[in-house]
Amino acid sequence: MKTLLIKYFVIPLLIFLCACNNTESKLDGAYTLVAAKYGDSALSKEQIAKHKTLKICSNGYWISATFFGNPKITVESASGGTYILKNGKDVETVNFDSKNDSGAGKTYDFDYKLQGDKYTLKGMMSNDKCSSCFINEEYHKMELDKNLTDTSLEGVWKLQMSEWFGKKVEDADFFQFKIYCYPYFVWAQYHSKGKDFIGVAGGTYRINGMKLVEHVEYFSFYDIIPYDFEIDLTKFPSGTIQEVSMNGGGKEIWKKIQ
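A quick note: this is a predicted structure, and the numbers were derived from the prediction, not measured.

Calculation criteria
Residues numbered from 1 in each chain as written. Predicted model: local features only at pLDDT ≥ 70, side-chain atom pairs only at ≥ 80, totals over all residues. Heavy atoms only, no water. Helix = DSSP H or I, 4+ residues; strand = E, 2+ residues; numbered from the N terminus. Buried < 20%, exposed > 50% of the residue type's maximum accessible area, 1.4 Å probe, protein only. Contact = heavy atoms within 4.5 Å. Areas by Shrake-Rupley, 256 points an atom, 1.4 Å probe, with all protein chains shown as cover. Core = buried A, V, L, I, M, F, W, Y, C linked by side-chain atoms within 4.5 Å. Lys, Arg positive; Asp, Glu negative; His and termini not counted. Salt bridge = Lys/Arg side-chain N within 4 Å of Asp/Glu carboxyl O. Polar contact = N/O pair within 3.5 Å; in protein donor to acceptor, adjacent residues only side chain to side chain. Pairing = 2+ DSSP bridges.

## Focus on the overall build of the protein
Each helix and strand counted, the protein has 2 helices and 18 strands in total. Per-residue burial for the protein yields a buried fraction of 42% across its 258 residues. Nonlocal contacts in the protein, meaning residues at least 24 apart in sequence, comprise 43% of its contacts between residues at least 6 apart. As presented, the protein carries roughly 14,300 Å² of accessible surface, and 54% of it is formed by carbon and sulfur atoms.

## Considerations on the nonpolar core
Leu 153, Phe 177, Ile 179 and Tyr 205 are the most contacted members of the largest nonpolar core, which totals 43 residues. Residue contacts for Leu 153: discarding those within four places in its chain leaves Tyr 180, Tyr 205, Ile 207, Leu 212, Leu 233, Ile 241 and Lys 256.

## As for the side chain of Glu 252
Among the structural elements, Glu 252 can be located in strand β18 (residues 250–256). Despite its burial, Glu 252 pairs with no opposite charge; the closest candidate is Lys 178, at 5.0 Å N-O. Polar side-chain contacts of Glu 252 include one of 3.1 Å to the side chain of Trp 254. Apart from residues no more than four positions distant in its own chain, Glu 252 is found in contact with Leu 159, Met 161, Ser 162, Trp 164, Ile 241, Gln 242 and Glu 243.

## Focus on the pairing of strand β12 (residues 174–181)
With respect to burial, β12 is a largely interior element, 7 of its 8 residues being buried. Across 4 bridges, the pairing between strand β10 (residues 155–164) and β12 is antiparallel. What sits directly across from Lys 158, in β12, is Phe 177. Relative to strand β13 (residues 184–191), β12 is paired through 8 bridges, and the arrangement is antiparallel. Directly across from Phe 174, in β13, lies its bridge partner His 191. Connecting the antiparallel pair β12 and β13 is a turn made up of 2 residues.

## Quick word on the pairing of β18
The sheet contact formed by β10 and β18 spans 7 bridges and is antiparallel. The residue of β18 that forms the bridge with Trp 164 is Gly 250. Pairing of strand β17 (residues 240–245) with β18 involves 6 bridges; the strand directions are antiparallel. Paired with Val 244 across the two strands is Lys 251, which belongs to β18. Where β17 folds back on β18, the antiparallel hairpin that results is connected by 4 residues, among which Met 246 adopts a positive phi of roughly 50°.

## Description of the side chain of Lys 178
For Lys 178, the position within the fold is in strand β12. Under the relative-accessibility criterion, Lys 178 is labelled buried at 2%. A polar contact of 3.1 Å, which involves the side chain of Lys 178, links it to the side chain of Tyr 180. In this structure the side chain of Lys 178 is engaged in a polar contact, spanning 2.9 Å, whose partner is the side chain of Glu 214. When near neighbours in sequence (up to four residues on either side) are disregarded, Lys 178 contacts Gly 155, Val 156, Trp 157, Val 186, Trp 187, Glu 214, Glu 243 and Trp 254.

## Regarding unusual backbone geometry
Here the residue pair Asn 70 and Pro 71 is connected by a cis peptide bond, since its omega of 5° sits within 30 degrees of zero. Residue Tyr 182 is joined to Pro 183 through a cis peptide bond whose omega torsion reads 5°. Topologically, Pro 183 is positioned in the loop between β12 and β13. Of note, the phi angle at Asn 87 is positive, near 50°, even though the residue is not glycine. By secondary structure assignment, the location of Asn 87 is in the loop between β5 (74–86) and β6 (89–97). Among the residues examined, Asn 87 registers a relative accessible area of 66% and is labelled exposed.

## Quick look at the pattern of salt bridges
Taken as a whole and judged by the stated rule, the model has 7 salt bridges. Asp 150 is the salt-bridge partner of Lys 235, the closest N and O atoms lying 2.7 Å from each other. Note that Lys 235 is positioned in strand β16 (residues 227–236) and Asp 150 in the loop between β9 (130–141) and β10, a separation of 85 residues in sequence. In this structure Lys 235 comes out as partly exposed when scored by relative accessible area, which is 31%. One salt bridge in this structure joins Asp 232 and Lys 211, with 2.5 Å as the shortest N-O distance. Residue Asp 232 is found in strand β16, and its partner Lys 211 is found in strand β15 (residues 211–219); the two are separated by 21 residues along the sequence. The exposure class of Asp 232 is partly exposed, given its relative accessible area of 35%.

Written out as structure tokens, the structure reads:
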């Protein structure tokens, strides 16, 4: 009888604990900011409507960008890095911060909740809104298009080689990573050791065979009217891809890291 009691109590308990751990490992998705308070200052509905903030998470990496404008889009700020979900905490490490290079390298422990399409963050941090204050952010998880038949791009990629019109990017400290989270994509560039931000861009994407189209909705290098950027893909079995654009003028090699 004791053996049966252990069997019917311990096994369901283990299944429950495993399910909890599995849900805590998943924050993948695209989120838009719907409410925020930094210290005693709260963002108004007008500010949030005018200045759109998108945060995209995938496999322990995240990038956030705030932009505004119509029809031309201006990037106001961007930040990103890595995260770990543990014991009800969203532990985020900032690898770059366009508003504050000194913020790169800092780690923050946030209380978080992800219930349905509602994602909240609460905790102490420093950013462009305040030097050190309690933040309370609420995000809406955007519905992902489930009609994707080719999932090969989904995940996080690191740039291995970049060549534009015959000139290679030769900077040992240069780091660029890209997240594909269908139908969204985002990439960011920064110096790993120097901690300085270089650039960010994002939008939506679609793929048809070896043809990739990135619809660029924001780009920090200059103000833009959203446009389609067409790319020819070559996939290699080693977990790398080549992206060729602008009639061969642009060539990049990416390796999947997550």
